[in-house]
Structure formats: structure tokens, C-alpha cells
Amino acid sequence: MKTPYRIIVPSEDRDRADLVMQVTAMRLGTPMETLKHKGRLSKPAVRVRRVSLYLGYVALGWSLERVGHAFGFNRQTIATACARIEEARDEPHLDALLDELTATIRTLCETPPATDLPEVA
């Protein structure tokens, strides 16, 4: 029996991939349960997932391979998603939305953690 290909992914990468999925799903009005469904996704859910994969590539500045490992997809799936979203960026509304999501994700990921919170009684 052949064992599936698995690679060790740092927990920080998985956390950031999850953050990208959650921010994208929330902004686009799609429940996370829909995106995590193991079966076939609806067309709107596939679009949201593609946007998430694209943002992992663009907003996080990761390679296609790293995005694939963190999100649990192969490199070709990531490349296809990125190509489709790039083609769709000609639409002004989508372009503005992607810029907004990119800025949000970068802010969340690049801002140092707030460690100076006072203790609460």
C-alpha cells in the first residue's frame, strides 16, 4: 500500500493559511464550514477558495509550493487558482476587493503581537 505524500508544515504557516481563509470567507460572506467541506464545493465556494489561495500567494508573499503545503493542495491547484484570479482582476470591483483583502492580511500578519496587555482580575 502506497503512503500519501506528506510534508511537515510549520504551525505558523498553517495558522496564517487559516487566517487567510477566515478573512476571505468572512469578507465574501461564505461560512468556513462550506470551504472546509470534503466533498465537491459549489461554484461560489470554489471562487472563495481560489481567492484565499491567491491571497496566500500575493499577500503573504509565499511561493506556490509553500501555499500548497500550508493550504493542503498541490502546486498545480495553486497555480490554476492564481491564474484564474489574475485574469479576473480586470473587473474594477474585484481588483479593489483583492487590494483591500491583501492590505488586511498583510496588516494582521506583519504587525507584532500585542504582548503588553495588563492582567485582568
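Anything mentioned here points back to the structure above.
If you're wondering where the values come from, they're calculated on a predicted model, not measured in any experiment.

Details of the pattern of salt bridges
And then number 1: What the rule picks out here adds up to 6 salt bridges.
And then number 2: Among the salt bridges present, the one from Glu100 reaches Arg27, with a minimum N-O distance of 2.6 Å. With a gap of 73 residues between them, Glu100 in helix H6 (residues 92–110) and Arg27 in helix H1 (residues 11–27) connect regions that are remote in the sequence.
And then number 3: Look at Glu100 and you get partly exposed, because its relative accessible area is 34%.
And then number 4: Two residues, Asp99 and Arg89, come together in a salt bridge whose shortest N-O distance is 2.6 Å. Placement of the pair is Asp99 in helix H6 and Arg89 in the loop between helix H5 (75–88) and H6, with a sequence separation of 10 residues.
And then number 5: When its relative accessible area of 42% is taken as the criterion, Asp99 is described as partly exposed.
And then number 6: Using a relative accessible area of 15% as the deciding quantity, one classes Arg89 as buried.

What to know about H5
And then number 1: Under the 1.5 Å per step criterion, the end-to-end length of H5 is 20 Å for 14 residues, consistent within 8% with the ideal 20 Å.
And then number 2: All of the buried residues in H5 are Ile78, Ala81, Cys82 and Ile85. What you see down the axis of H5 is that its buried residues fit within an arc of 95°, all on one side. Exposed side of H5, more than 90 degrees from the buried face: Gln76 and Glu87 are the residues found there.
And then number 3: Looking at the buried side of H5, the elements it contacts are helix H3 (43–58), helix H4 (64–71) and H6.
And then number 4: Capping the start of H5 is the job of one residue whose side-chain oxygen sits 3.1 Å from the backbone nitrogen of Gln76: Asn74.

Some remarks on the nonpolar core
The tendency in soluble globular proteins is for nonpolar side chains to be buried as a group.
And then number 1: Ranked by internal contacts, the top residues of the largest apolar core, which has 33 residues, are Leu35, Leu55, Phe71, Leu98 and Ile105.
And then number 2: Residue assignment for this core shows that the elements contributing at least two residues are H1, helix H2 (32–35), H3, H4, H5 and H6.
And then number 3: The dominant element in this core, judged by the number of residues it contributes, is H3, at 7 residues.
And then number 4: Not counting chain neighbours up to four residues away, the residues in contact with Leu55 comprise Val20, Thr24, Leu60, Leu98, Leu101, Thr102 and Ile105.

Definitions and limits used
- Residues numbered from 1 in each chain as written.
- Predicted model: local features only at pLDDT ≥ 70, side-chain atom pairs only at ≥ 80, totals over all residues.
- Heavy atoms only, no water.
- Salt bridge = Lys/Arg side-chain N within 4 Å of Asp/Glu carboxyl O.
- Helix = DSSP H or I, 4+ residues; strand = E, 2+ residues; numbered from the N terminus.
- Buried < 20%, exposed > 50% of the residue type's maximum accessible area, 1.4 Å probe, protein only.
- Expected span 1.5 Å × (residues − 1).
- Arc of directions from axis to C-beta.
- Contact = heavy atoms within 4.5 Å.
- Polar contact = N/O pair within 3.5 Å; in protein donor to acceptor, adjacent residues only side chain to side chain.
- Core = buried A, V, L, I, M, F, W, Y, C linked by side-chain atoms within 4.5 Å.

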